[in-house]
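For reference, the chains in residue letters:
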Amino acid sequence: MYALVDCNNFYVSCERVFAPNLEGKPVVVLSNNDGCLIARSQEAKDLGLKMGEPYHLVRPLLEQHQVRVFSSNYALYGDMSRRVMQVLSRFTAGVEVYSIDEAFLDFSGMSLLAPDLLAYGQRVQRTVARDTGIPTCVGMAPTKTLAKLANRLARKLGTEGVLAFHTEAQWKNALAHVPVDTIWGVGRRYGRKLNELGIGTGADLAAMPEHWLRRHMGGVVGQRLWRELHGQPCLEWNPAQWDEKEHSAPSTAGRHSVTCTRSFGRPQYDAVVLNEAVATFAAKAAEKLRRHGLAAHLVTVILGTDRYAALAGPKTYHAVISLPTGSNDTGTLTQAALRGLQQLRREGMAYHRAGVLLSGVEPVGQVQLGLFSGSAADQQRSQQLMKTVDKLNARFGRQFVHLAATGTHKELDGQHKAPVWAGRSAHRSPLYTTGWGELWQLH
């Protein structure tokens, strides 16, 4: 059996943990630059607010109904996600982090420890709520696809948000009442195609022969979907190896690149500001590389102008810097990124976004040294320095130790002041769990 644990309206729930007076009231969270709605409480959904609606268009409606608005606070959401996943790791050895607010749990062999899986799922739900304040739904079934379906129906049909498919009759009945395009792995494009062929529900799809899905739905992908719908688990399992010392669950999936891109709050012309932005993006991307135990050979710098302007010519510009030896050293990657920026930047041109892409990755232990690059001892010193920096930042907060090239943005009271290039976030909540100067205070 598998369980899918999904956090309810996750970004909104994170905000409510530290503002419990918002329970039962409409709340929305905005995207980067306060652009559009990316999370809504159930009360906000009931007002007719749609996902992705531009903030400036729905602002009158938000004000009319006194909807509480928050700018996205990804540092807070990421840390709350880490806490949720840490709680889930107590219940089973197999945890696959599927997204920031979802995780699959492998309940294989749990029949002796938890003979009543429904009660066990309710215990998981109650523990997450007690220890993190985040409400969840739990769906359980013999396969990941069916667990996804059970989770979706748990909000409406489950016992306190928990639903389990123990028998084939149970999931067949559920499949008969859901549109085919809502089945995990189908999607809108295949959904339209299937509707044209007279297949409207999940049960209609499951009733087709296995060879039919293989022919019409991407070969082996369709075949796996058919077997999953018939209770035969065959999707890849990527468990997170939880590190209690580091309090993290790094992804085991292979990566081909790491990127960090942002849109600016307003157009930027100044070289110093652009240097700070690109250096910051390079540092964040380098941190991601080290988290996954990788090193990169290629550094791509991206600069973008106003994509809606009527001017002719490209709106996005790229410069690629090749490194003689793969590296995840923040200093090395930042130097390369700044060289790329110098190649791209044109005096007097307004830039609306920038980013750094690290590619040509390989495991750190397999990096091939160059003829004229640093020695193995130099590489070892670099790795030790970066390990120390990461530990300090993990203990005292992100950017506690950073390169001067990223700029210094601190006020006298220790609060971080947003850099000039930062996106708009007029409604951001404090960094309750990740910034020493913004810890939650009780009066």
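Reading the values: rules and limits
Residues numbered from 1 in each chain as written. Predicted model: local features only at pLDDT ≥ 70, side-chain atom pairs only at ≥ 80, totals over all residues. Heavy atoms only, no water. Helix = DSSP H or I, 4+ residues; strand = E, 2+ residues; numbered from the N terminus. Buried < 20%, exposed > 50% of the residue type's maximum accessible area, 1.4 Å probe, protein only. Contact = heavy atoms within 4.5 Å. Areas by Shrake-Rupley, 256 points an atom, 1.4 Å probe, with all protein chains shown as cover. Pairing = 2+ DSSP bridges. Axes fitted to C-alpha atoms, helices over the stretch in contact; angles between N-to-C directions. Expected span 1.5 Å × (residues − 1). Salt bridge = Lys/Arg side-chain N within 4 Å of Asp/Glu carboxyl O. Core = buried A, V, L, I, M, F, W, Y, C linked by side-chain atoms within 4.5 Å. Phe/Tyr/Trp six-rings, centres within 6.5 Å; stacked < 30°, edge-to-face > 60°. Lys NZ or Arg CZ within 6 Å of the ring centre and 35° of its normal. Parallel < 35°, antiparallel > 145°, perpendicular 65-115°, else oblique. Left-handed = near helix turned anticlockwise from the far one by under 90°. Nonpolar A, V, L, I, M, F, W, Y, C, P; charged D, E, K, R; others polar. Polar contact = N/O pair within 3.5 Å; in protein donor to acceptor, adjacent residues only side chain to side chain. pLDDT = per-residue confidence, 0-100.

> Honestly, the overall build of the protein chain in this entry has me stumped. Any pointers?
On a plain count of helices and strands, the protein chain comes out with 14 helices and 12 strands. Taken over 443 residues, the protein chain has a buried fraction of 43%. In the protein chain, of all internal contacts separated by at least 6 residues, the share reaching a separation of at least 24 is 65%. If you sum the accessible surface of the protein chain, you get close to 23,200 Å²; carbon and sulfur atoms cover 53% of it.

> Please clarify how the sheet that holds strand E5 (residues 94–99) should be interpreted in this entry.
Strand order in the open sheet formed by 5 strands is E5-E6-E1-E7-E8, with mixed pairing between adjacent strands. Of all strands in the sheet, those bounded by a partner on one side alone are E5 and strand E8 (162–164). Taking the axes of each pair of neighbouring strands and ignoring which way they run, one obtains an average angle of 15 degrees across the sheet. Relative to strand E6 (residues 102–106), E5 is paired through 5 bridges, and the arrangement is antiparallel. The residue bridging Gly94 from the neighbouring strand is Asp106, located in E6.

> Would you mind going over helix H6 (residues 144–157) with me for this structure?
One turn of an α-helix holds 3.6 residues; hence residues three or four places apart share an orientation. Its 14 residues place the ends of H6 19 Å apart at the C-alpha level, agreeing with the 20 Å of an ideal helix rising 1.5 Å per residue. Across the 14 residues that make up H6, a large majority, 10, are buried. Listed in full, the buried residues belonging to H6 are Lys144, Thr145, Leu146, Ala147, Lys148, Leu149, Ala150, Asn151, Leu153 and Ala154.

> Help me out: how do you make sense of the pattern of salt bridges in this one?
Close approach of charged atoms allows side chains of opposite charge to pair. Tallied over the full model, the rule gives 15 salt bridges. Linking Glu102 and Lys148 is a salt bridge whose minimum nitrogen-to-oxygen distance equals 2.7 Å. One end of the pair, Glu102, is in strand E6; the other, Lys148, is in helix H6, with 46 residues separating them in the sequence. Judged on exposure class, the residue Glu102 and its partner Lys148 are both buried.

> Would you take a moment to explain the pairing of strand E1 (residues 2–7) for this structure?
Burial of E1 is extensive: 6 of the 6 residues sit out of reach of the surface. Neither face of E1 is exposed, since Tyr2, Leu4 and Asp6 on one face and Ala3, Val5 and Cys7 on the opposite face are all buried. Examined bridge by bridge, E1 and strand E7 (residues 136–141) share 6 bridges and lie antiparallel to one another. The residue of E7 that forms the bridge with Ala3 is Met140.

> Looking at this model, I keep getting lost on the sheet that holds strand E10 (residues 294–304). Mind explaining?
Think of a sheet as strands paired side by side through backbone hydrogen bonds, with each pair either parallel or antiparallel. In space, the 4 strands of this open sheet follow the order E9-E12-E10-E11, with antiparallel pairing throughout. Each edge of the open sheet carries a strand with a single partner, namely strand E9 (257–268) and strand E11 (316–327). Mean inter-strand twist for the sheet, computed between neighbouring axes without regard to direction, equals 15 degrees. Pairing of E10 with strand E12 (residues 351–363) involves 10 bridges; the strand directions are antiparallel. The residue of E12 that forms the bridge with Leu298 is Ser359. Those strands touched by helix H12 (residues 271–291) are E9, E10, E11 and E12, and its axis lies near 155 degrees from that of E9.

> Even after reading the chapter, I still don't get the nonpolar core, so can you show me in this structure?
Most often, soluble globular proteins keep nonpolar side chains buried together rather than apart. Ranked by internal contacts, the top residues of the largest apolar core, which has 38 residues, are Phe10, Leu88, Phe107 and Met140. Broken down by secondary-structure element, the contributors of at least two residues to this core are E1, helix H1 (10–17), strand E2 (27–30), helix H4 (74–88), E6, helix H5 (117–132), E7 and E8. With 7 residues, the top contributor of residues to this core is H4. Judged by nonpolar contacts, the second largest core, of 32 residues, contains Leu289, Val299, Leu323 and Leu341.

> I'm lost on the packing of aromatic side chains in this one. Help?
Centre distance and the angle of the planes are the two values used to describe a pair of aromatic rings. By the definition in use, this model includes 11 aromatic pairs. For the pair Tyr74 and Tyr77, a centre-to-centre distance of 6.1 Å together with 85 degrees between the ring planes defines the contact as edge-to-face. Of this pair, Tyr74 and Tyr77 are both found in helix H4, 3 residues apart, which corresponds to roughly one turn of the helix. Put simply, the rings of Phe10, Tyr11, Tyr74 and Tyr77 pair up and form one aromatic cluster. One residue, Lys144, lies across the ring of Phe104, its end atom 4.9 Å from the ring centre. The ring of Tyr190 carries the charged tip of Arg189 above its face, separated from the ring centre by 4.8 Å.

> Sorry, what's going on with the side chain of Arg290 here?
Structurally, Arg290 is set in helix H12. In this structure Arg290 comes out as buried when scored by relative accessible area, which is 16%. The contacts of Arg290, once residues within four sequence positions are left out, are Asn328, Asp329, Thr330, Met386 and Asp390.

> Help me out: how do you make sense of the packing of H4 against H5 in this one?
What describes two packed helices is the angle between their axes and the distance between those same axes. It is the contact of H4 with H5, at a shortest axis distance of 10 Å, that shows an interaxial angle of 140 degrees. Between H4 and H5, the angle falls in the class oblique. For the crossing formed where H4 meets H5, the hand is right-handed. Note on element contacts: H5 touches H4 through Val124, Thr127, Val128, Asp131 and Thr132, opposite Met80, Arg83, Val84, Val87 and Leu88. Looking at side-chain class alone, the contact of H4 with H5 contains 6 nonpolar, 2 polar and 2 charged residues.

> Sorry, what's going on with the side chain of Thr132 here?
For Thr132, the position within the fold is in helix H5. Here Val128 takes part through its backbone oxygen, which lies 2.6 Å from a polar atom of the side chain of Thr132. Of the polar contacts made by the side chain of Thr132, one reaches the backbone nitrogen of Ile134; its length is 3.2 Å. Setting aside chain neighbours within four positions, we find Thr132 in contact with Val17, Met80, Arg83, Val84 and Val87.

> Help me understand the confidence of the model for the protein chain in this model?
A low pLDDT score tells you not to read the predicted coordinates there in detail. Of all residues in the protein chain, 90% attain a pLDDT of 70 or more, and the chain-wide mean is 86. Within the protein chain, the element-level pLDDT minimum falls on helix H14 (residues 376–396), averaging 83, and the maximum on H1, averaging 96. In the model, residues 241–253 has pLDDT below 50 throughout and makes 21 contacts with residues more than four positions away in sequence or in other chains.

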